[in-house]
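Residue-level listing of the chains:
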Amino acid sequence: MQKLFDINEEGFSVRCKLFFNKDIHDIKEIVIATHGFGGFKDNKSIERFGDKITSKNKKFGVICFDWPCHGQDARKKLVLYECLTYLRLVVKYAKETMKADKIYNYSVSFGAYLTLKYINDNENPFNKIALRSPGIRMYEAVMDSISEEDLGKLSKGKEITLGRDRLIKISQEFLDELKDNDITKYEFFDYADDILMIHGLKDEMIPVAYSEEFAEANVIELIEVEKADHRFSNPQQLDFAIQKIIDFFS
């Protein structure tokens, strides 16, 4: 089952989708699932995850949402602070409105970067965290996707657009935010036992070496998936990753 809803607080409107078994009142544990840069909440990989985990256990619900400037969100300019605010508001909704006993996090790429940034800056609200194709070095990943022409525009104070499902306005200010908030400078030892990382060996956007270095430095379990690309576009490889995550949460 699926339900669309908005969280309207602090002048923001966070567009959300909830996956559940049959009865919302059965939900006791919530997974907050976040998408990557240029993605949106209605993507097939989150839907696949939501359907699988809720069909196996009716106590689970999955909330996904559009990051600022993504999907159906109304924001016009991407700002790191607003991304972290959205995550905070969704966590608050899961705790206070849905009265979840436990909250988990399943995040991909840019969403994984934001999750790690969030738990470094705030008290960690998640019982367990699963990160697939994590944007460990998000600044480098975004810079690698920008053409020389667009770099010239940025140097002149102009905005550029990036993205696939929806074009997103990017400024030099946002790039500077990413550069200044390098999560490899933070330590995550206190959360290591509750974090699982999964990365494809054929990731064409974020080298698996970034995850290997990060996992080793923080003593975090890393599962490497042979032949898997950044999006885990092969259904069998995606199902493998999803099952590992479900087992980890369960």
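Note: the structure precedes this text.
Residues numbered from 1 in each chain as written. Predicted model: local features only at pLDDT ≥ 70, side-chain atom pairs only at ≥ 80, totals over all residues. Heavy atoms only, no water.

Caption draft 1: Representation of the pattern of salt bridges in the model. Applying the stated rule across the entire model yields 16 salt bridges. Between E9 and K92 there is a salt bridge, with the nearest N and O atoms lying 3.0 Å from each other. A residue pair is termed long-range when its members are at least 10 positions apart, and E9 in strand 1 (residues 2-9) and K92 in helix 2 (residues 80-97) qualify at 83 residues. Here D42 ties to K41 by a salt bridge, and the two come within 3.6 Å at their closest N and O atoms. Within this structure, K17, K41, D42 and D66 form a network of salt bridges that share partners. (Salt bridge = Lys/Arg side-chain N within 4 Å of Asp/Glu carboxyl O. Helix = DSSP H or I, 4+ residues; strand = E, 2+ residues; numbered from the N terminus.)

Caption draft 2: Just the packing of helix 1 (residues 44-56) against helix 8 (residues 235-249), in detail. Two numbers describe how helix 1 lies on helix 8: the axes approach to 10 Å, and their chain directions differ by 45 degrees. Classified by the angle their axes make, helix 1 and helix 8 are oblique. You can see that helix 1 and helix 8 cross each other, and the crossing is right-handed. Contacts from S45, R48, F49, K52, I53 and K56 of helix 1 reach helix 8 at P235, L238, D239, I242, Q243, I245, I246 and F249. Along the lines of polarity and charge, the residues of the contact of helix 1 with helix 8 split into 8 nonpolar, 2 polar and 4 charged. (Axes fitted to C-alpha atoms, helices over the stretch in contact; angles between N-to-C directions. Parallel < 35°, antiparallel > 145°, perpendicular 65-115°, else oblique. Left-handed = near helix turned anticlockwise from the far one by under 90°. Contact = heavy atoms within 4.5 Å. Nonpolar A, V, L, I, M, F, W, Y, C, P; charged D, E, K, R; others polar.)

Caption draft 3: Molecular detail of unusual backbone geometry. The backbone phi angle of K99 is positive, close to 55 degrees, even though this residue is not glycine. The topology assignment puts K99 in the loop between helix 2 and strand 5 (102-108). Residue K99 is classed as exposed on the basis of its relative accessible area, which comes to 60%. (Buried < 20%, exposed > 50% of the residue type's maximum accessible area, 1.4 Å probe, protein only.)

Caption draft 4: Focus on the pairing of strand 5. Of all 7 residues in strand 5, 6 are buried, a share of seventy percent or more. Both strand 3 (residues 29-34) and strand 5 contribute to a ladder of 6 bridges, which runs parallel. Along strand 5, the bridge assignment pairs A33 with Y106. Relative to strand 6 (residues 128-132), strand 5 runs parallel, the two being bridged by 5 bridges. Paired with V108 across the strands is R132, a residue of strand 6. Read as a crossover between parallel neighbours, the route from strand 5 over helix 3 (residues 110-121) to strand 6 is right-handed. (Pairing = 2+ DSSP bridges. Right-handed = clockwise from strand over helix to strand, strands pointing away.)

Caption draft 5: Main features of the environment of N181. Along the chain, N181 turns up in the loop between helix 6 (172-180) and strand 9 (195-200). Note on N181: relative accessible area 16%, which makes it buried. Linking N181 and L151, residues 30 residues apart in sequence, is a C-alpha distance of 20 Å. Contacts of N181, omitting those with residues within four sequence positions, involve L80, Y113, K117 and Y186. A polar contact of 2.7 Å, which involves the side chain of N181, links it to the backbone oxygen of E177. (Polar contact = N/O pair within 3.5 Å; in protein donor to acceptor, adjacent residues only side chain to side chain.)

Caption draft 6: The packing of aromatic side chains, seen in detail. Tallying each qualifying case throughout the model produces 12 aromatic pairs. Pairing F60 with Y104 gives two aromatic rings, centres 5.7 Å apart and planes at 45 degrees, and the pair type is tilted. Taken together, the positions of F60 in strand 4 (residues 60-65) and Y104 in strand 5 put the pair 44 residues apart, joining distant regions of the chain. Take F60 and Y104: they sit in the same class, and that class is buried. Here K128 stacks its cationic end above the ring of F248, 4.8 Å away from the centre of that ring. (Phe/Tyr/Trp six-rings, centres within 6.5 Å; stacked < 30°, edge-to-face > 60°. Lys NZ or Arg CZ within 6 Å of the ring centre and 35° of its normal.)

Caption draft 7: Just the sheet that holds strand 2 (residues 12-19), in detail. Here we have 8 strands laid out as an open sheet, ordered 1-2-4-3-5-6-9-10, and mixed in their pairing. In this open sheet, the two strands that pair with only one neighbour each are strand 1 and strand 10 (221-225). Within this sheet the neighbouring strands show an average axis-to-axis angle of 20 degrees, counted without direction. One ladder, built from 4 bridges, connects strand 6 with strand 9; its direction is parallel. Bridge pairing in strand 9 links A130 to L196. Across the sheet, helix 2 is in contact with strand 1, strand 2, strand 3, strand 4 and strand 5; its angle to strand 2 comes to roughly 50 degrees.

Caption draft 8: Spotlight on the pairing of strand 1. Across 8 bridges, strand 1 lies against strand 2 in antiparallel orientation. Bridge pairing links E9 to F12 in strand 2. If you look at the hairpin formed by strand 1 and strand 2, you'll find 2 residues sitting between the two strands, and E10 has a positive phi there, around 55 degrees.

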